[in-house]
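Each chain, written out:
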Amino acid sequence: MRLDAEVAAALAEDVATLALLHDAELTPSVLAELKQVGFPGNLGLSPVGETSLTSFEMMRMAVSSPPTDAAALDELAADFAAIYLTGSFGASPCESYWLSDDHLVCQDAMFDLRALYAEQGLAVPDWRKRPDDHLVFQLQFLARRFDAAVTPDDWRSIAGFLDYHLLRWLPDFAGRVADRCNMMFYAALALLTDAWLQQLRDLIADHLGEPRLSREEVEASLGS
């Protein structure tokens, strides 16, 4: 797949959709809309490889048979709260939690991302309510970068953002969410998000003709 303006626009739409689904508690109307559009089959980046295919199929199943009774919807809401609000799953959606030795939030990663956003003239609304290194903000930032991606250096910069931020911790987040959710939807969403970003990174590597760094290589370059 050639990374031209049309593909970049499709990728921006994909990642903006993922950000929306991580952003707020699901409602029956949103679930119905996802089923109507055939999510995730409507994503521009189609799954390749066993891991991606498995996560896409898991998401498809969750969307095609969404919970409708009050008890199931309450379970879905409880999963959302445990991941994004209370932290009771031990699966914070913030980068600092995964990269700090004591699993603390609002650490170095938050300030690193704040500076990165500022370079693009961006700032989060209120870091006290949702820190700069929250998954939703990182996905939204990525969507903006796609909109402006033209040159190889633009794509190289996006690759660096993935390597040194999202892909350092998202696999761990996705795995823990998948293990601890009671309902399929958020487990599938976490795994799908990770698989989509991994596939994106492979696509950029192919486009640039430059092999992607492994997680071990990234950590070594940071002196970890």
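Remember, predicted model here, so these are calculated numbers, not experimental data.

### Section: the environment of Thr51
Tracing the backbone through its elements, the reader meets Thr51 in helix H3 (residues 50–64). Owing to a relative accessible area of 63%, Thr51 belongs among the exposed residues under this scheme. For the pair Thr51 and Val37, spaced 14 residues apart in the sequence, the C-alpha separation amounts to 23 Å.

### Overview of the nonpolar core
Counting residues in each nonpolar core, the largest one holds 65 residues, and the members touching the most others are Phe185 and Trp196. Here this core gets 13 residues from one element, more than from any other, and that element is helix H9 (residues 184–208).

### Structural notes on the state of the cysteines
All told, the structure shown has zero disulfides when counted by the stated rule. Cysteine Cys94 shares no disulfide, and the gap to the nearest cysteine sulfur, in Cys106, comes to 7.1 Å. Overall, the relative accessible area of 6% leaves Cys94 in the buried class.

### What about the side chain of His22?
Within the fold, His22 resides in helix H1 (residues 5–23). Here Thr193 takes part through its side chain, which lies 2.8 Å from a polar atom of the side chain of His22. Apart from residues lying up to four places away in sequence, His22 is in contact with Phe80, Tyr84, Leu135, Val136, Leu139, Leu189, Ala190 and Thr193.

### Comments concerning the packing of aromatic side chains
Enumeration over the complete set of coordinates arrives at 10 aromatic pairs. For the ring pair Phe146 and Trp196, a centre distance of 6.5 Å and an interplane angle of 70 degrees mean the geometry is edge-to-face. Here Phe146 is found in helix H7 (residues 135–147), whereas its partner Trp196 is found in helix H9, with 50 residues between them in sequence. Taken as a pair, Phe146 and Trp196 share a single burial class, namely buried. Grouped by ring-pair contacts, the aromatic residues Phe80, Tyr84, Phe185 and Tyr186 constitute a single cluster.

### A look at the environment of Arg215
Take Arg215: it is sitting in helix H10 (residues 215–221). Sequence-wise, Arg215 and Trp169 are 46 residues apart; in three dimensions their C-alpha atoms are separated by 9.5 Å.

### Focus on helix H4 (residues 70–85)
In an α-helix, one turn spans 3.6 residues; hence positions three or four apart end up facing the same way. Within the sequence span of H4, burial applies to Ala72, Leu76, Ala77, Asp79, Phe80, Ala82, Ile83 and Tyr84. Where H4 is buried, its residues contact H1, helix H2 (28–37), helix H8 (152–180) and H9. In this structure Asp69 caps H4, since a side-chain oxygen of it lies 3.2 Å from the backbone nitrogen of Ala71. One or two residues past the end of H4 sits Gly87, with phi positive at roughly 70 degrees.

### Some remarks on a negative patch on the surface
Negative charge collects at one region of the surface, where Glu25, Asp69, Asp74 and Glu75 lie side by side. Along the chain, the position of Glu25 falls in the loop between H1 and H2. Under the relative-accessibility criterion, Glu25 is labelled partly exposed at 44%.

### Examining the pattern of salt bridges
According to the stated counting rule, one finds 10 salt bridges in the structure shown. The partner of Arg212 in a salt bridge is Asp202, and the shortest N-O contact between them spans 3.0 Å. Placement of the pair is Arg212 in the loop between H9 and H10 and Asp202 in helix H9, with a sequence separation of 10 residues. Connected through salt bridges with shared partners, the residues Asp153, Arg156 and Glu210 form a single ionic network.

### What to know about the side chain of Asp133
Here Asp133 is to be found in the loop between helix H6 (108–119) and H7. Notably, Asp133 is buried but unbridged: the nearest opposite-charge side chain belongs to Arg114, and the N-O separation is 8.0 Å.

### Quick word on the environment of Ser214
With respect to the element layout, Ser214 can be found in the loop between H9 and H10. Judged by relative accessible area, which is 27%, Ser214 ranks as partly exposed.

Rules and cut-offs
- Residues numbered from 1 in each chain as written.
- Predicted model: local features only at pLDDT ≥ 70, side-chain atom pairs only at ≥ 80, totals over all residues.
- Heavy atoms only, no water.
- Helix = DSSP H or I, 4+ residues; strand = E, 2+ residues; numbered from the N terminus.
- Buried < 20%, exposed > 50% of the residue type's maximum accessible area, 1.4 Å probe, protein only.
- Core = buried A, V, L, I, M, F, W, Y, C linked by side-chain atoms within 4.5 Å.
- Disulfide = S-S within 2.5 Å.
- Polar contact = N/O pair within 3.5 Å; in protein donor to acceptor, adjacent residues only side chain to side chain.
- Contact = heavy atoms within 4.5 Å.
- Phe/Tyr/Trp six-rings, centres within 6.5 Å; stacked < 30°, edge-to-face > 60°.
- Patch = residues over 30% accessible without salt bridge, like charges linked within 9 Å, V, L, I, M, F, W, Y side chains within 5 Å.
- Areas by Shrake-Rupley, 256 points an atom, 1.4 Å probe, with all protein chains shown as cover.
- Salt bridge = Lys/Arg side-chain N within 4 Å of Asp/Glu carboxyl O.
- Lys, Arg positive; Asp, Glu negative; His and termini not counted.
- Charge placed at Lys NZ, Arg CZ, Asp CG, Glu CD.

Everything listed is a geometric property; what it means functionally is a separate question.
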